[in-house]
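Okay, here's what each chain looks like letter by letter:
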Amino acid sequence: MPDDTSVTATWPDRFVYVCIATRANIVNLAPLVHAGQGRIVGLVILRGLKDPENPSPEEAPDAVMPARQLSDYAEKALNLVGEDVVLVDGDPDLAAPWTQATDVARKLARARNASVLFNVAGGRRPVMIGALVGIAPWK
């Protein structure tokens, strides 16, 4: 951490926030709190679920509940509702299903004249890697 306490994070004026639902949800919530209301105009939550219609007992605390906490916070504290919050589901053990996830965020951002900010902290590595491959310039 820098010794200079005057250094603060710089956020885009308007952005769609992309994150991976995780049991350690503080890694997703902290940036939402720090960026503040007004800047965040959309939220895309990547949920690692093998079967979204029937999550396993392990997936509930790892993906379902954290995603619900994030969407509740977005609604109550950031005034994001309806189409402002998007859940993207896929197999947490595979990278391929996630390569299209950032397309969802780009479309949402384009519709709101905003940037995309992807929080790669937390969550399963295949989810993060697949989503990063999806935004690669060679795609």
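How each quantity is defined
- Residues numbered from 1 in each chain as written.
- Predicted model: local features only at pLDDT ≥ 70, side-chain atom pairs only at ≥ 80, totals over all residues.
- Heavy atoms only, no water.
- Salt bridge = Lys/Arg side-chain N within 4 Å of Asp/Glu carboxyl O.
- Helix = DSSP H or I, 4+ residues; strand = E, 2+ residues; numbered from the N terminus.
- Buried < 20%, exposed > 50% of the residue type's maximum accessible area, 1.4 Å probe, protein only.
- Phe/Tyr/Trp six-rings, centres within 6.5 Å; stacked < 30°, edge-to-face > 60°.
- Pairing = 2+ DSSP bridges.
- Axes fitted to C-alpha atoms, helices over the stretch in contact; angles between N-to-C directions.
- pLDDT = per-residue confidence, 0-100.
- Contact = heavy atoms within 4.5 Å.
- Patch = residues over 30% accessible without salt bridge, like charges linked within 9 Å, V, L, I, M, F, W, Y side chains within 5 Å.
- Areas by Shrake-Rupley, 256 points an atom, 1.4 Å probe, with all protein chains shown as cover.
- Polar contact = N/O pair within 3.5 Å; in protein donor to acceptor, adjacent residues only side chain to side chain.

Section: the pattern of salt bridges
- Counted under the stated rule, the structure contains 8 salt bridges.
- In this structure, the salt-bridge partner of Asp-93 is Arg-124, at a minimum N-O distance of 2.1 Å. Of this pair, Asp-93 sits in the loop between β3 (85-90) and α3 (101-111) while Arg-124 sits in the loop between β4 (115-118) and α4 (125-134); the two residues are 31 residues apart in sequence, bridging distant segments of the chain.
- Residue Asp-93 is classed as partly exposed on the basis of its relative accessible area of 38%.
- Connected through shared salt-bridge partners, Lys-50, Asp-91, Asp-93 and Arg-124 make up one network.

What about the packing of aromatic side chains?
- Taken as a whole and assessed by the stated rule, the structure comprises 1 aromatic pair.
- Here the aromatic rings of Trp-11 and Phe-15 are separated by 5.8 Å at their centres, their planes lie at 10 degrees, and the arrangement is stacked. Neither Trp-11 nor Phe-15 differs from the other in exposure class; each is buried.

Focus on the sheet that holds β4
- The 4 strands lie next to each other as β3-β2-β1-β4, forming an open sheet whose pairing is parallel. Sheet topology places β3 and β4 at the edges, where each strand pairs with a single neighbour. With direction set aside, neighbouring strand axes in the sheet form an average angle of 20 degrees.
- When strand β1 (residues 15-20) meets strand β2 (residues 40-48), the two strands line up parallel, connected through 6 bridges. Pairing of Val-18 across the sheet is with Val-44, part of β2.

Re the confidence of the model for the chain
- Here the chain averages 88 in pLDDT, and 91% of its residues register 70 or above.
- The secondary structure element of the chain with the lowest average pLDDT is α4, at 83, and the one with the highest is β3, at 96.

Re the environment of Val-127
- Examined against the element boundaries, Val-127 turns out to sit in helix α4.
- Spatially, the C-alpha atoms of Val-127 and Leu-94 are 7.0 Å apart, while their sequence positions differ by 33 residues.
- For Val-127, the contacting residues outside a window of four places in its chain are Ile-20, Leu-46, Pro-92 and Trp-98.

As for a nonpolar patch on the surface
- Taken together, Val-120, Leu-132 and Ile-135 make up a surface patch of nonpolar side chains, about 200 Å² in accessible area.
- Considering the arrangement of structural elements, one finds Leu-132 in helix α4.
- Residue classification places Leu-132 among the partly exposed positions, given a relative accessible area of 33%.

Let's talk about the side chain of Asn-119
- With respect to the helices and strands, the residue Asn-119 is situated in the loop between β4 and α4.
- A distance of 2.7 Å separates a polar atom in the side chain of Asn-119 from the backbone oxygen of Val-27.
- Of the polar contacts made by the side chain of Asn-119, one reaches the backbone nitrogen of Ala-121; its length is 2.9 Å.

Quick notes on the environment of Ala-9
- Tracing the backbone shows Ala-9 in the segment before β1.
- Considering only alpha carbons, one finds Ala-9 and Gly-134, 125 residues apart in sequence, at a separation of 26 Å.

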